[in-house]
Amino acid sequence: MKTFGALLNCVKPEYLLSFEDFQRLHMDPRHPTGLPLGDELCAWFEKHYRLLHEGSWLILLYQTVKLFVLNRLTPRLLKSLPGVDAKAITVPPSSGSNLYSQPESILLAWLSYHHAQVSPGDRLWLANFDEDLHDCRVFASALASHVPSLTDRLALIKKTREPAERLQNATAVLEAMRALGLDYTPPAAHICVAPARDMVLFCTYLFNAMPGFVPKATVEFDGRLNDRVVKCIELSNPSSKPLTYQVRIEGAPEFSAADALKLGGKEKFQFPVTCLHNRRKAAEAQIFFVSEKVAGGSAGVTLVFGLKSVVRTFKRKEVIVRETKLYDQISFDIAIENTSAEQDAEISVSLVDLSPADKGVPAAKTGKGARKGGVTTSPLLPQMTFWLKPGKDKPFRLKRKSSGALQVHFLPLRLAGQACLVFVDDSLAGEYCIELQVKVDLPSTNEQCKFQHQMKSTIIREIPLTLRNASIDKCRGAVMELLGQKEGKEWFKALQEQSRLEYKVEYLTQHFAGPRDVIVTGKDAPPQTAPGGQQANNVNKLPLELRPAGPGKYESRLILRSPVDVRVLDVEAAITSPPPPPPP
């Protein structure tokens, strides 16, 4: 030992013997190899030899640990440890301390680093192995930094100088260590008052054991909401003796597995883990395989794997399809139920818009002759027009063994099939998804034009046009509820302040004709010009041309489409016979 640098000058080889052997060597004159001592020394050794014997062995053991365990702690090892950011940790210098060796300084730096990771507001730089560690909050940080699921259990451990509180802290730390399967757990009362050299041993044990609790790999469970996914972790036993593991999952309750595993010698096993995707939010957990020492078997190392659930798509519990006309508000009634007989459930509801291009969203009915694209596609129009009544978008309680109804409202402002997903999150049963689909048809007639004229081969009637759409004005209350009072007023104001709006006109009967394009401008808009540079004629008016076949009533429907709105205009013309010529 001395050749490796051990400081053993105060230890004599004979002090390592049992008292009986020491007696034969030094205190029994009849023994052939004995080296007799005086009566005074014999009396002293009889009284104090046990203390001398135990102290010598302790010195020898501590020197062994220092030479062959502590000296392995190097800056390179510190930076390569799992759970340590090599760029963020401060590596102690190889020289400069006249109190601690570099390996001991590395232990203090490692503990300080993990304490800063868990409690960034509690700035601490450890300066010793006794007083700074007796309240155990640094040990709690080291455990929680490697096993995040322990954070809540150890959250109450704070800095304290009270002996009773330090004992509580130490008890909590040791219980957490036992839960992890860590077998070196000194008495709680000893940790609170232990000398520095005992704490060095404890810190060294944590330094070597805790990096093993950083997950070896993360198993991802991709799937749909409310689907059950099973994946397997391959474990092998390289030894010829059986291994027994206690299996525990810490973290999200979505994961489940068997609570024990036994591997025979040289056996490989696919261990199944089940994940139930009962919420959209990604769930994370860790699965621990804690080795147990059993008769006839060997003890393996603790294995840790990360578990993560990722919901990629959503399995619909129900799909509700409705039809409506543009600007006609409709409502969906969704039944919710709490089947628990013991607890009230907390219900929260959220809506997610689905693009019309998404699979399954019904196409809009745009009518014969409609041009694709450009109709009600203005960014001025709200993209999401499904909503909940004010206050219903906040979590609410549903009493046990009771049911209720949830109402989702929809106001179509775009001539396109629209859909949304309704996510109902039940604190007891999990989250499920309902899809609402709406087929949107042309709006009801919002304007009428009736006139009477004598029979002529061609009749021209100018229909005035403004930026106001009567159908949109009728659903003002619904828009205010959808957007809110302030944003709703601003939206209506923006509609009226448009400088120019171009309409494509469709005529549904052969007797009526007119321009295919008309322009509607605001009151402050500049004069409009045609492509040739001349002033446009079809501005704020639609010159309607009727070619009657004879006296009678002629009816038609005109559809005006723009990027902002759609208008349906019914025209009714009463053509009378010309008066008879005056008598000669």
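S.K.: A description of the side chain of Glu 254 should follow, citing residues and the corresponding values.
M.R.: The topology assignment puts Glu 254 in the loop between strand S3 (243–251) and strand S4 (255–256). For the buried Glu 254, no salt bridge exists, and the shortest N-O distance to an oppositely charged side chain is 4.8 Å, to Arg 279. When sequence neighbours within four positions are dropped, the list of residues in contact with Glu 254 reads Thr 274, Cys 275, Leu 276, Asn 278, Arg 279 and Ala 283.

S.K.: Describe the side chain of Asn 128, and please don't skip the residues or the numbers.
M.R.: Position of Asn 128 among the secondary structure elements: in the loop between helix H4 (102–118) and helix H5 (137–146). A distance of 2.9 Å separates a polar atom in the side chain of Asn 128 from the backbone nitrogen of Asp 132.

S.K.: An account of the pattern of salt bridges is needed here, citing residue identities and associated values.
M.R.: A pair can form between side chains of opposite charge whenever their charged atoms are brought close. This model, assessed by the stated rule, comprises 23 salt bridges. Notably, a salt bridge pairs Arg 161 with Glu 131, separated by 3.1 Å at the nearest N-O pair. Linking Arg 161 in the loop between H5 and helix H6 (163–179) with Glu 131 in the loop between H4 and H5, this pair joins segments that are 30 residues apart in sequence. The exposure class of Arg 161 is exposed, given its relative accessible area of 61%. Judged by relative accessible area, which is 33%, Glu 131 ranks as partly exposed. As a salt-bridge pair, Glu 555 and Lys 553 come within 3.7 Å of each other at their nearest N and O atoms. A single network of salt bridges, built from pairs that share partners, joins Asp 122, Asp 135 and Arg 137.

S.K.: Please give an account of the state of the cysteines that cites residues and values.
M.R.: Considering all chains together, one arrives at 0 disulfides under this definition. The structure places no disulfide on Cys 232, whose sulfur is separated from the nearest cysteine sulfur, that of Cys 275, by 14 Å.

S.K.: An account of the sheet that holds S4 is requested, with residue identities and associated values reported.
M.R.: Hydrogen bonds between backbone atoms are what pair the strands of a sheet, whose relative direction is either parallel or antiparallel. Taken together, 3 strands build an open sheet; the order of strands is S2-S6-S4 and the sheet is antiparallel. A single partner strand is all that each edge strand has here, and the edge strands are strand S2 (228–236) and S4. Here S2 pairs with strand S6 (residues 268–276) via 9 bridges, running antiparallel. Paired with Arg 228 across the two strands is Leu 276, which belongs to S6.

S.K.: So, empty space enclosed by the protein: which residues are in play, and what are the values?
M.R.: Per the stated rule, a full pass over the model turns up 1 cavity of 30 Å³ or more. Lining the largest cavity are 13 residues, and of these Leu 467, Asn 469, Ile 472, Leu 495 and Gln 496 sit closest to its centre. Taken together, the elements giving at least two residues each to the lining of the largest cavity come down to helix H9 (470–474), helix H11 (485–496) and strand S19 (500–507). Sort the elements by how many residues they give to the lining of the largest cavity and H11 lands first, with 3 residues. Of the residues in the lining of the largest cavity, the class split is 7 nonpolar, 3 polar and 3 charged.

S.K.: Account for the packing of helix H1 (residues 19–27) against helix H2 (residues 39–68), naming residues and giving values.
M.R.: Where H1 meets H2, the closest approach of the two axes is 12 Å, and the angle between their N-to-C directions is 165°. Judged on the interaxial angle alone, H2 and H1 are roughly antiparallel. Handedness of the crossing formed by H1 with H2: right-handed. Contacts from Phe 19, Phe 22 and Met 27 of H1 reach H2 at Cys 42, Phe 45, Glu 46 and Tyr 49. Here the contact of H1 with H2 is built from residues that sort into 6 nonpolar, no polar and 1 charged.

S.K.: Can you tell me about the packing of aromatic side chains, naming the residues and giving the values?
M.R.: Taken as a whole, this structure holds 19 aromatic pairs when the rule is applied. Residues Trp 44 and Phe 45 carry aromatic rings whose centres are separated by 5.2 Å and whose planes lie at 85° to one another, so their mutual orientation is edge-to-face. Ring geometry for Trp 491 versus Phe 492: centroids 5.2 Å apart, planes at 80°, classification edge-to-face. Summarising the burial analysis for this pair, Trp 491 and Phe 492 share the class buried. Aromatic rings pair up to connect Tyr 15, Phe 19, Phe 22, Trp 44, Phe 45 and Tyr 49 into one cluster. Lying across the ring of Phe 492, Arg 476 places its NZ or CZ 4.3 Å from the centre.

S.K.: Summarise the sheet that holds strand S21 (residues 517–521); cite the residues concerned and give the values.
M.R.: Here 5 strands make up an open sheet; going across it, the order is S17-S24-S23-S19-S21 and the pairing mixed. The two strands at the open ends of the sheet, each matched to only one other strand, are strand S17 (447–454) and S21. The sheet shows a mean angle of 30° between the axes of neighbouring strands, taken without regard to direction. Two strands pair when backbone bridges link them, and S19 and S21 are joined in this way by 5 bridges, in the antiparallel orientation. When the sheet's bridge partners are listed, Leu 501 is paired in S21 with Val 520.

S.K.: Go over the nonpolar core with me, naming the residues and quoting the values.
M.R.: If you look at the biggest cluster of nonpolar residues, it comprises 66 residues, and the most contacted ones within it are Phe 332, Val 422, Leu 436 and Val 571. Each residue touching Phe 332, except ones within four places of it in the same chain, is listed here: Ile 320, Arg 322, Phe 386, Leu 406, Gln 407, Val 408, Phe 410, Leu 436, Gln 437 and Val 438. By size, the runner-up hydrophobic cluster in this structure holds 50 residues, among which are Leu 70, Leu 108, Leu 111 and Ala 170.

S.K.: Quick rundown of unusual backbone geometry? Include the residues and the values.
M.R.: At Cys 136, a position not held by glycine, the phi torsion is positive, near 70°. Relative to the helices and strands, Cys 136 is located in the loop between H4 and H5. Unusually for a residue other than glycine, Asn 226 sits at a positive phi of about 75°. By the secondary structure assignment, Asn 226 is in the loop between strand S1 (218–225) and S2.

S.K.: Outline the environment of Ser 499, listing residues and values.
M.R.: Tracing the sequence through the fold places Ser 499 in the loop between H11 and S19. Separated by 113 residues in sequence, Ser 499 and Phe 386 have C-alpha atoms that sit 29 Å apart.

Rules of the game
Residues numbered from 1 in each chain as written. Predicted model: local features only at pLDDT ≥ 70, side-chain atom pairs only at ≥ 80, totals over all residues. Heavy atoms only, no water. Helix = DSSP H or I, 4+ residues; strand = E, 2+ residues; numbered from the N terminus. Buried < 20%, exposed > 50% of the residue type's maximum accessible area, 1.4 Å probe, protein only. Lys, Arg positive; Asp, Glu negative; His and termini not counted. Salt bridge = Lys/Arg side-chain N within 4 Å of Asp/Glu carboxyl O. Contact = heavy atoms within 4.5 Å. Polar contact = N/O pair within 3.5 Å; in protein donor to acceptor, adjacent residues only side chain to side chain. Disulfide = S-S within 2.5 Å. Pairing = 2+ DSSP bridges. 1 Å grid on protein atoms, 1.4 Å probe; cavity = no way out; pocket = protein on both sides within 12 Å on 5 of 7 lines; lining within 4 Å. Points joined across faces, edges and corners; volume = space filled by probe spheres on them. Nonpolar A, V, L, I, M, F, W, Y, C, P; charged D, E, K, R; others polar. Axes fitted to C-alpha atoms, helices over the stretch in contact; angles between N-to-C directions. Parallel < 35°, antiparallel > 145°, perpendicular 65-115°, else oblique. Left-handed = near helix turned anticlockwise from the far one by under 90°. Phe/Tyr/Trp six-rings, centres within 6.5 Å; stacked < 30°, edge-to-face > 60°. Lys NZ or Arg CZ within 6 Å of the ring centre and 35° of its normal. Core = buried A, V, L, I, M, F, W, Y, C linked by side-chain atoms within 4.5 Å.

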